[in-house]
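Commentary on secondary and tertiary structure
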Amino acid sequence: GFSEQPLLEMTLFVIVVVFYLLTLLGNMATVILVHLDPWLHTPLYFFLTHLSLMDLCYTTSPVPQLLFNLQGPEKIISYGGCVGQLYVSLAMGSTECILLAVMAVDHYVAVCRPLQCTILMHPCLCWQLAATTWLTGLASSLVRIVLITQVPLCGRNIIDHVFCEVPVLLKLACVDTTFNQMELFLVSALLLLVPLTLILISYSCIGQAVWKIKSHEGHQKALGTCSSHLVVVFLFYGTAMATYLQPTAATFQNQDKFMALLYGIVTPILNPFIYTLRDKDMKGALRKMIGKD
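Definitions and cut-offs
Residues numbered from 1 in each chain as written. Predicted model: local features only at pLDDT ≥ 70, side-chain atom pairs only at ≥ 80, totals over all residues. Heavy atoms only, no water. UniProt positions renumbered as here; feature names shortened; annotations may be inferred. Helix = DSSP H or I, 4+ residues; strand = E, 2+ residues; numbered from the N terminus. Disulfide = S-S within 2.5 Å. Axes fitted to C-alpha atoms, helices over the stretch in contact; angles between N-to-C directions. Parallel < 35°, antiparallel > 145°, perpendicular 65-115°, else oblique. Left-handed = near helix turned anticlockwise from the far one by under 90°. Contact = heavy atoms within 4.5 Å. Nonpolar A, V, L, I, M, F, W, Y, C, P; charged D, E, K, R; others polar. 1 Å grid on protein atoms, 1.4 Å probe; cavity = no way out; pocket = protein on both sides within 12 Å on 5 of 7 lines; lining within 4 Å. Points joined across faces, edges and corners; volume = space filled by probe spheres on them. Buried < 20%, exposed > 50% of the residue type's maximum accessible area, 1.4 Å probe, protein only. Patch = residues over 30% accessible without salt bridge, like charges linked within 9 Å, V, L, I, M, F, W, Y side chains within 5 Å. Areas by Shrake-Rupley, 256 points an atom, 1.4 Å probe, with all protein chains shown as cover. Salt bridge = Lys/Arg side-chain N within 4 Å of Asp/Glu carboxyl O. Lys, Arg positive; Asp, Glu negative; His and termini not counted. Polar contact = N/O pair within 3.5 Å; in protein donor to acceptor, adjacent residues only side chain to side chain. Expected span 1.5 Å × (residues − 1). Core = buried A, V, L, I, M, F, W, Y, C linked by side-chain atoms within 4.5 Å.

**Focus on the UniProt feature "transmembrane region" (unreviewed entry) in the protein**
Mapped onto the present numbering, the UniProt feature "transmembrane region" (unreviewed entry) falls at residues 12-36, 185-211, 223-246 and 258-277. Helix makes up 100% of residues 185-211 and strand makes up 0%, while its end C-alpha atoms are separated by 37 Å.

Listed below in structure tokens is the structure:
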């Protein structure tokens with residue numbers, strides 16, 4: 001953590017508590033709204049609920065331990081707890097990479113094939129895509145965890161970070177970790193760049209389709225469908241690539257810690273609010289739930 005800066009730790013404790021509570025509120029509200037409102041039973045909001053569930057799991061894994069470490073001088077975590085925290089973060093991050101690509105394909109179908117949308121993205125296929133996304137993320141992370149736990153630590157037990165992550169855990173090893181670092185880079189590049197490429201291809205097709213739409217209303221509807229997702233993609237992939245695809249020597253001491261707080265605490269709170277505040281159907285469902293409509 002930030003043991004040498006107690007005032008910063010106190011400030012971060014308050015900030016993390018507030019952000020964590022808002023993350024729980026925002027993502028749980030998204031799941032409840034989509035479940036209760038029949039108008040939201042579409043592929044777009046189906047995948048959005050899975051995004052919210054991933055963010056809930058991703059944030060709940062490290063934050064309670066982080067708050068414990070920030071509120072006092074005792075800053076400990078068991079090895080099993082560290083590995084468990086690492087697995088959940090890897091699994092949810094990997095799953096979200098794939099899910100964002102699936103959502104981009106769904107947006108492509110909605111904009112470019114609107115008349116065939118209900119046929120192409122039928123509920124059974126949506127469930128199959130969601131299940132495949134979860135299983136792929138969980139399985140790929142399990143392989144990485146097995147490789148990481150084979151590395152001997154030899155008594156080194158001080159983690160200079162705020163979360164348990166692969167790069168900082170490898171720094172505790174007393175053997176050559178070149179293979180593990182290369183494996184981390186390659187898997188991270190695969191899970192980040194392949195879905196991102198699919199997203200870019202989908203949006204290039206969407207852009208061409210939108211360009212051909214002559215009506216202003218059609219333009220607004222297409223932009224409304226895609227803009228929220230693009231903001232989430234930019235936030236997620238930007239922070240993830242800055243963390244996992246840059247050279248270790250390019251970072252200063254606390255940059256990795258603040259970056260981890262950004263994508264571990266800030267990004268999960270933004271997803272539901274971006275969709276809720278920018279989507280008229282979500283805002284309408286929210287007004288109905290609180291009794292104003």
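**Description of the state of the cysteines**
Taken as a whole and judged by the stated rule, the model has one disulfide. Disulfide pairing is shown between Cys 82 and Cys 164; the S-S distance is 2.1 Å. Measuring handedness by torsion sign, the sulfur bridge of Cys 82 and Cys 164 sits at about -120 degrees and is left-handed. One end of the pair, Cys 82, is in helix 4 (residues 79-112); the other, Cys 164, is in the loop between helix 6 (123-149) and helix 7 (166-170), and 82 residues separate them in sequence.

**Here's the deal with the packing of helix 2 (residues 43-60) against helix 4**
In contact at an axis separation of 10 Å, helix 2 and helix 4 are set at 165 degrees when each is read in the N-to-C sense. The angle between helix 2 and helix 4 places the two elements in the roughly antiparallel class. Relative to helix 4, the crossing made by helix 2 is left-handed. Within the contact between the two elements, helix 2 uses Pro 43, Leu 44, Phe 47, Leu 48, His 50, Leu 51, Met 54, Asp 55, Cys 57 and Tyr 58 and helix 4 uses Val 88, Ser 89, Met 92, Gly 93, Thr 95, Glu 96, Leu 99, Leu 100, Val 102, Met 103, Asp 106 and His 107. Per-class residue counts for the contact of helix 2 with helix 4 are 14 nonpolar, five polar and three charged.

**Details of empty space enclosed by the protein**
The tally for this structure, following the rule as stated, stands at three cavities of 30 Å³ or more. As for the second largest cavity, its lining consists of Tyr 58, Pro 62, Gln 85, Ser 89, Phe 163, Cys 164, Glu 165 and Gly 264.

**Thoughts on the environment of Glu 74**
Within the secondary structure, Glu 74 is located in the loop between helix 3 (63-70) and helix 4. Glu 74 sits in the partly exposed class, given a relative accessible area of 48%. Excluding residues within four positions of it along the chain, Glu 74 makes contact with Phe 68 and Asn 69.

**Focus: a nonpolar patch on the surface**
On the surface, a nonpolar cluster with roughly 410 Å² of combined accessible area is contributed by Val 14, Val 18, Leu 22, Leu 25 and Phe 273. Here the nonpolar patch gets four residues from one element, more than from any other, and that element is helix 1 (residues 6-36). With respect to the helices and strands, Val 18 occurs in helix 1. For Val 18, a relative accessible area of 42% puts it in the partly exposed group.

**Some words on the side chain of Glu 165**
Of note, Glu 165 is situated in the loop between helix 6 and helix 7. For Glu 165, which is buried and forms no salt bridge, the nearest opposite charge comes from Lys 171, at a distance of 9.3 Å. Among the polar contacts made by the side chain of Glu 165, one reaches the side chain of His 161 at a distance of 3.2 Å.

**Observations concerning helix 6**
Compared with an ideal rise of 1.5 Å per residue, which puts 27 residues at 39 Å, helix 6 spans 39 Å between its outermost C-alpha atoms and is within 8% of the ideal. Considered for burial, the residues of helix 6 that qualify are Cys 126, Ala 130, Thr 133, Trp 134, Gly 137, Ser 140, Ser 141, Arg 144, Ile 145 and Ile 148. On its buried face, helix 6 is in contact with helix 2, helix 4, helix 7 and helix 8 (178-212).

**Some words on the nonpolar core**
The biggest cluster of nonpolar side chains holds 57 residues, and the ones touching the most others in it are Phe 47, Leu 66, Leu 100, Ile 199 and Tyr 237. For this core, the elements supplying multiple residues, two or more each, are helix 1, helix 2, helix 3, helix 4, helix 6, helix 8, helix 9 (216-244) and helix 10 (255-278). The dominant element in this core, judged by the number of residues it contributes, is helix 4, at 12 residues. If we ignore the near neighbours within four places in the chain, the residues touching Leu 100 are Leu 51, Ile 199, His 229, Val 232, Val 233, Phe 236 and Tyr 237. Leu 86, Ile 148, Leu 153 and Val 166 belong to the second largest nonpolar core, which has 15 residues in total.

**Topic: the environment of His 122**
The topology assignment puts His 122 in the loop between helix 5 (117-120) and helix 6. Accessibility expressed as a relative area gives 31% for His 122, which makes it partly exposed. Between the C-alpha atoms of His 122 and Thr 42, which are 80 residues apart in sequence, the distance is 9.1 Å.

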